[in-house]
Amino acid sequence: MAENNKPLIATGQGYLLPDSEIWIDPLEPVRTAVISHAHGDHAVPGHAKVYCTKNTARLLRARFRQFAGLVITPEYNETFEVDGVPFMFIPAGHMLGSAQVIWDRNGKRHNYTGDFKRQQDPTCEAFQVIKSDVLITETTFAQKGKEHPPAGESILVLGNNKNINYVIGAYSLGKAQRLTHLINQLLPEMKVMVHPKISRYHKIYEESGFSLGEWSVYHRQIFKKATGCVYIIPPSVLQSYMPGTNFLRGMASGWDRLQAGMDIVLPISDHADWNELLLTIAESEAKEVYTIHGESEAIIEHYKNSPIKISEL
Ligand SMILES: [Zn+2]
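Each chain carries its own residue numbering, running from 1 in the direction its sequence is written. Where totals are concerned, whole chains, interfaces and linings use all residues; where local detail is concerned, this predicted model gives features only for residues with pLDDT of at least 70, and gives and counts side-chain atom pairs only at 80 or more. Derived side-chain values reflect all non-hydrogen atoms in the structure, with water molecules and hydrogen atoms excluded from consideration.

Asker: Go over the environment of Pro91 with me, naming the residues and quoting the values.
Answerer: Relative to the helices and strands, Pro91 is located in strand E8 (residues 85–91). Residue burial is assigned from relative accessible area. The probe radius is 1.4 Å, only protein chains are included, and a residue is buried under 20% of its type maximum, exposed over 50%, and partly exposed in between. For Pro91, a relative accessible area of 7% translates into the label buried. For the pair Pro91 and Cys124, spaced 33 residues apart in the sequence, the C-alpha separation amounts to 8.7 Å. Any two residues whose heavy atoms approach within 4.5 Å at even a single point are treated as in contact. For Pro91, the contacting residues outside a window of four places in its chain are Tyr76, Asn77, Ser98, Gln100, Glu125, Ala126, Phe127 and Gln128. Helix and strand definitions here come from DSSP, where helices need a minimum of 4 consecutive H or I residues and strands a minimum of 2 consecutive E residues; each element is numbered from the N-terminal end.

In structure tokens, the structure reads:
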């Protein structure tokens, strides 16, 4: 497909709607930014005008002291105009506030999924299916057959040894809150402690109406003396925890390579797996599909003899 027929121009610094100044998830300051969610590889500070969901704005205000000039926060499923183009946010199920970005242009409905997942996660707004003509989907885990087991099953590994503590690496935003909720729900006898860098996001989740259950900020003395504690820390801090006598180490991630060297395996991901990607493409009914993030070879091969035209953006 010719470059100028693509619905978005991928620049390496975000995505630009052709013949406009509208950017989606720009990674350097622009005049007008539409932001899908608050993760650092999608949101940066310094834009003149930002459109994002209310909860994404809350998180970005916590991350950045002055994150944008004007911040406009439409409700999910509410149409809003950006430079004359009608847009809409639909829940993406990836983390608090995350959105699929929908817009109508040239007689076609477009859906930029952003990061998304379809597994159950009561700590964020649930993924919503929407039909579109053009689907731009993330393909972070588009390896044929790649499956994320249900998080509710994976978390039970922490209950196998009650006479020890756990130190678990997890992204501070999204994953750490999901883990806290899962442990409270399924292993309520365990005590969740979180790193101070994570606790501020826990508070925003709770202020936004998403209860996480019992948790406290890490307390060294309690952790040293007790058993049955789970200490959740940012992945970068996990490296400083060498194997210890009173704790086992784990990393909550869908990436197999990040499980290497850990004492327990915790394959919990906030992205769609292979089947979720195929289901989303099917339910969108889009005949024009573009992939972003990750490896696209397997999924492009999968649709080789189908009416769906699929290519990398
Ligand atoms: Zn993300």
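That covers the picture; the talk isn't over yet.
Asker: Which residues make up the pattern of salt bridges, and what values go with them?
Answerer: Every case where a carboxyl oxygen of Asp or Glu lies within 4 Å of a side-chain nitrogen of Lys or Arg is listed as a salt bridge. In the structure shown here, the tally under the stated rule is 14 salt bridges. A salt bridge links Asp121 to Arg178; its shortest N-O distance comes to 3.8 Å. With a gap of 57 residues between them, Asp121 in the loop between strand E10 (108–112) and strand E11 (134–138) and Arg178 in helix H3 (residues 175–186) connect regions that are remote in the sequence. When the shortest N-O distance is used, the salt bridge between Glu285 and Lys131 registers 3.8 Å. Remark: Lys131 occurs in the loop between E10 and E11 and Glu285 occurs in the loop between helix H7 (274–284) and strand E17 (288–292); sequence separation between them is 154 residues. Residues joined by salt bridges that share partners form a network here, namely Lys117, Asp121, Arg178 and Asp270.

Asker: Describe the nonpolar core, listing the residues and the values that go with them.
Answerer: Ranked by internal contacts, the top residues of the largest apolar core, which has 46 residues, are Leu59, Leu158, Ile168 and Ile232. For this core, the secondary-structure elements that each account for two or more residues are helix H1 (54–63), strand E12 (165–169), H3, strand E13 (191–194), helix H4 (196–207) and strand E15 (229–233). Just so you know, the domain bounds were taken from an automatic or database domain assignment. Looking at this core, you find at least three residues from each of domain 1 (3–145 + 271–312) and domain 2 (151–259). Excluding residues within four positions of it along the chain, Leu158 makes contact with Tyr166, Ile168, Ile183, Leu187, Met190, Val230 and Ile264. To qualify as a nonpolar core, a set must consist of buried Ala, Val, Leu, Ile, Met, Phe, Trp, Tyr and Cys residues joined through side-chain atoms within 4.5 Å. Grouped together as the second largest cluster of nonpolar side chains are 21 residues, Tyr51, Trp103, Tyr112 and Tyr290 included.

Asker: Summarise the packing of aromatic side chains; cite the residues concerned and give the values.
Answerer: To pair, rings of Phe, Tyr and Trp, with the six-membered ring standing in for Trp, must have centres within 6.5 Å; the planes then decide the type, stacked if under 30 degrees apart, edge-to-face if over 60, and tilted in the middle. On inspection of all chains with the given rule, the structure shows 13 aromatic pairs. For the ring pair Tyr218 and Phe223, a centre distance of 5.6 Å and an interplane angle of 65 degrees mean the geometry is edge-to-face. What makes Tyr218 partly exposed here is its relative accessible area of 22%. When the centroid spacing of 6.4 Å and the interplanar angle of 45 degrees are considered together, the rings of Phe223 and Phe247 count as tilted. With a gap of 24 residues between them, Phe223 in helix H5 (residues 220–225) and Phe247 in strand E16 (residues 247–251) connect regions that are remote in the sequence. Accessibility classification places Phe223 together with Phe247 in one group, the buried group. Grouped by ring-pair contacts, the aromatic residues Tyr51, Phe80, Phe87, Phe89 and Trp103 constitute a single cluster.

Asker: Got a sec to walk through the pairing of E8? Specific residues and values, please.
Answerer: With six of its seven residues buried, E8 lies for the most part within the structure. Where strand E7 (residues 80–82) and E8 come together, three bridges link them in antiparallel fashion. In the strand pairing of E8, Val82 is matched with Val85. Pairing between strands is defined by DSSP: at least two bridges between them are needed. Linking two consecutive strands that pair antiparallel, namely E7 and E8, is a turn of two residues; a positive phi of about 45 degrees is found at Asp83 within it.

Asker: So what's going on with H3? Residues and values would help.
Answerer: What a helix should span is 1.5 Å times the count of its residues minus one. The terminal C-alpha atoms of H3 lie 16 Å apart, and with twelve residues this matches the ideal 16 Å at 1.5 Å per residue to within 8%. Of all twelve residues in H3, ten are buried; the element is thus mostly enclosed. Along H3, the residues classified as buried are Lys175, Ala176, Gln177, Arg178, Leu179, Thr180, His181, Leu182, Ile183 and Asn184. On the buried face of H3, the contacting elements are helix H2 (151–154), E12, E13, H4 and E15.

Asker: Kindly report on the coordination of the zinc ion, identifying the contributing residues and their values.
Answerer: Tetrahedral metal sites with four donors have an ideal angle of 109.5 degrees; octahedral sites with six donors have ideal angles of 90 or 180 degrees. In the first shell of the zinc ion, the protein supplies His37 (NE2), His39 (ND1), His94 (NE2) and Asp115 (OD), at 2.2 to 2.3 Å from the metal. Counted as donors are N, O and S atoms no farther than 2.8 Å from the metal, or 3.2 Å for Na, K and Ca; water is not among the atoms, and sites may therefore look incomplete. Working rule for geometry: tetrahedral if four donors all subtend angles between 85 and 135 degrees; square planar for four, octahedral for six, if opposite donors exceed 155 degrees and the others stay between 65 and 115; irregular in every other situation. Coordination at the zinc ion comes from four donor atoms whose angles at the metal span 89 to 166 degrees, giving a geometry best classed as irregular. Sequence positions of the donors to the zinc ion reduce to the motif H-x1-H-x54-H-x20-D. With a gap of 76 residues between them, His39 in the loop between strand E4 (32–34) and strand E5 (47–51) and Asp115 in the loop between E10 and E11 connect regions that are remote in the sequence. Residue His39 shares its accessibility class with Asp115, and that shared class is buried.

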